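Summary of structural features
What follows is each chain in one-letter form.
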Amino acid sequence: GYHVCIFAYGQTGSGKTFTMEGPSDNPGVNSRAVLELFSNIRARADASFEYRISVTVLEIYNDEVHDLLADDAKKPQDVRQGPDGVFVPGQVTREVSEPQQITDIMNDAKANRSVCSTALNQESSRSHLIVTVYSQGENKTTGECFSGRLNLIDLAGSERISKSEVQGAALKEAQNINKSLSYLGDVIQARANKASHVPYRNCKLTYLLQDSLGGDGKCLMFVQCNPRSEAAGESLCSLNFASRVRAVEMGKAKKHVSKKKSDDNSTDGETPRKQPTPTGKKQPTPTGKPRPSR
């Protein structure tokens with residue numbers, strides 16, 4: 001019933017994708033979190049709980065949102081504000097019943113992700129990857145319904161263009177990556193200062209994650225540092241960012257619970273009509289004239 005967000009942040013080549021995905025013999029955060037989720041579902045199966053799990057995978061590339069599960073994964077998608085929060089209209093959602101299905105979905109989406117080779121990283125992620133696992137649960141005994149969301153985010157790496165030596169399209173990608181990470185830093189700073197206005201709408205990344213960063217969820221960030229001496233400057237920037245993140249007070253996490261609507265008063269699927277309230281007026285006779293007073 002909670003909204004949870006897990007980030008991996010750091011410079012390019014520092015191990016963010018390894019942390020979130022990992023190899024099959026040493027799975028990363030994504031696989032471990034999903035296994036823990038299904039373990040909790042199985043543990044509650046005997047306590048009259050039923051759950052429905054679904055998955056979406058989005059990419060933010062050059063400040064455009066792409067649905068990596070759609071037939072046309074390169075088509076930009078809109079981001080809108082609805083009654084239940086920020087959403088992407090028409091995004092592909094796949095229902096799953098076991099952890100391996102989520103792993104297969106993430107592998108399918110990864111094949112559509114934007115990457116390129118730079119002087120700092122042979123396979124550099126050029127986009128932010130957002131895997132969202134939705135859980136809808138119901139307690140059959142009490143009728144309570146739970147709605148939760150788990151965002152697993154592999155951020156594109158910050159990089160100094162003078163060192164990555166990128167040109168052309170890769171240069172534009174690097175500029176947009178650095179800009180969006182800077183906007184994320186602005187949001188973190190505003191939250192840390194408890195500012196009255198938090199600039200979520202400055203870029204698609206922060207706008208899309210507004211619900212997770214807004215204060216009623218649980219948020220965890222892994223900050224990656226490159227151990228090489230030539231990366232000391234970027235590592236220091238990452239550690240400074242981590243100290244700002246740590247200063248943010250998220251507040252108490254809110255559990256999203258609602259009561260299932262009862263249909264006990266319905267007959268044959270129809271809503272019973274409300275009886276008219278007596279007005280105190282005298283009922284007319286069949287002739288249409290009011291009855292005489294006695």
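Residues numbered from 1 in each chain as written. Predicted model: local features only at pLDDT ≥ 70, side-chain atom pairs only at ≥ 80, totals over all residues. Heavy atoms only, no water.

Look at helix 3 (residues 99-110): 17 Å from first C-alpha to last across 12 residues, which is about the 16 Å you get at 1.5 Å a residue. Along helix 3, the residues classified as buried are Pro99, Ile102, Ile105, Met106 and Ala109. All buried residues of helix 3 project into a common sector of 120° when viewed along the axis, lining one side. Contact partners of the buried residues in helix 3: helix 2 (29-44), strand 2 (49-61), strand 7 (94-96) and strand 10 (128-139). (Helix = DSSP H or I, 4+ residues; strand = E, 2+ residues; numbered from the N terminus. Expected span 1.5 Å × (residues − 1). Buried < 20%, exposed > 50% of the residue type's maximum accessible area, 1.4 Å probe, protein only. Arc of directions from axis to C-beta. Contact = heavy atoms within 4.5 Å.)

When pLDDT is averaged along the protein, the result is 80; 80% of the residues meet or exceed 70. Considering each helix and strand of the protein separately, the mean pLDDT is smallest for strand 8 (residues 115-116), with a value of 50, and largest for strand 7, with 94. Low pLDDT (under 50) marks residues 116-124, which in the prediction has 26 contacts with non-local residues, meaning those over four places away or in another chain. Across residues 264-275, confidence stays below pLDDT 50; counting only partners more than four residues off in sequence or on other chains, it has 2 contacts. (pLDDT = per-residue confidence, 0-100.)

By the criterion of burial, strand 1 (residues 3-10) is predominantly enclosed, with 7 of the 8 residues buried. As defined by bridge partners, strand 1 adjoins strand 11 (residues 144-154) across 6 bridges and the pair is classed as parallel. Note that in strand 11 the partner of Ala8 across the bridge is Asp154. As judged from the 7 bridges shared by strand 1 and strand 12 (residues 218-224), these two strands associate in the parallel manner. Note that in strand 12 the partner of Cys5 across the bridge is Cys219. (Pairing = 2+ DSSP bridges.)

Before going further, it helps to spend a moment on the pattern of salt bridges. Overall, the coordinates contain 7 salt bridges when judged by the stated rule. Note that Lys140 is salt-bridged to Glu138, the shortest N-O span being 3.5 Å. Judged by its relative accessible area of 43%, Lys140 is partly exposed. Glu138 gets classed as buried once you look at its relative accessible area, which sits at 16%. The partner of Arg228 in a salt bridge is Glu230, with the nearest N and O atoms 3.8 Å apart. Each member of the salt-bridge network shares a partner with another, and the members are Glu50, Glu138 and Lys140. (Salt bridge = Lys/Arg side-chain N within 4 Å of Asp/Glu carboxyl O.)

Following the criterion strictly, the structure yields 2 cavities of 30 Å³ or more and no others. Here the largest cavity is characterised by a volume of approximately 60 Å³. If you trace the largest cavity, you find it lined by Ile60, Tyr61, Asn62, Asp63, Arg126, His128, Glu173, Asn176, Ile177 and Ser180. Of all the secondary structure elements, the ones that give two or more residues to the lining of the largest cavity are strand 2 and helix 5 (169-192). (1 Å grid on protein atoms, 1.4 Å probe; cavity = no way out; pocket = protein on both sides within 12 Å on 5 of 7 lines; lining within 4 Å. Points joined across faces, edges and corners; volume = space filled by probe spheres on them.)

To continue, consider the packing of aromatic side chains. With the rule as written, the count across this model stands at 3 aromatic pairs. Through a chain of ring-to-ring contacts, three or more aromatic side chains come together here, namely Phe49, Tyr51 and Phe146. For the cation-ring pair, Arg44 lies above Phe49, with the distance from its terminal atom to the ring centre recorded as 5.0 Å. Geometry around Tyr2 places Lys218 over its ring, the cationic atom sitting 4.3 Å from the centre. (Phe/Tyr/Trp six-rings, centres within 6.5 Å; stacked < 30°, edge-to-face > 60°. Lys NZ or Arg CZ within 6 Å of the ring centre and 35° of its normal.)

What follows is about the environment of Leu209. Tracing the backbone shows Leu209 in the loop between helix 6 (204-208) and helix 7 (210-213). The buried category is assigned to Leu209, whose relative accessible area is 1%. Among residues more than four places away in sequence, those in contact with Leu209 are Phe7, Ile130, Asn151 and Ile153.

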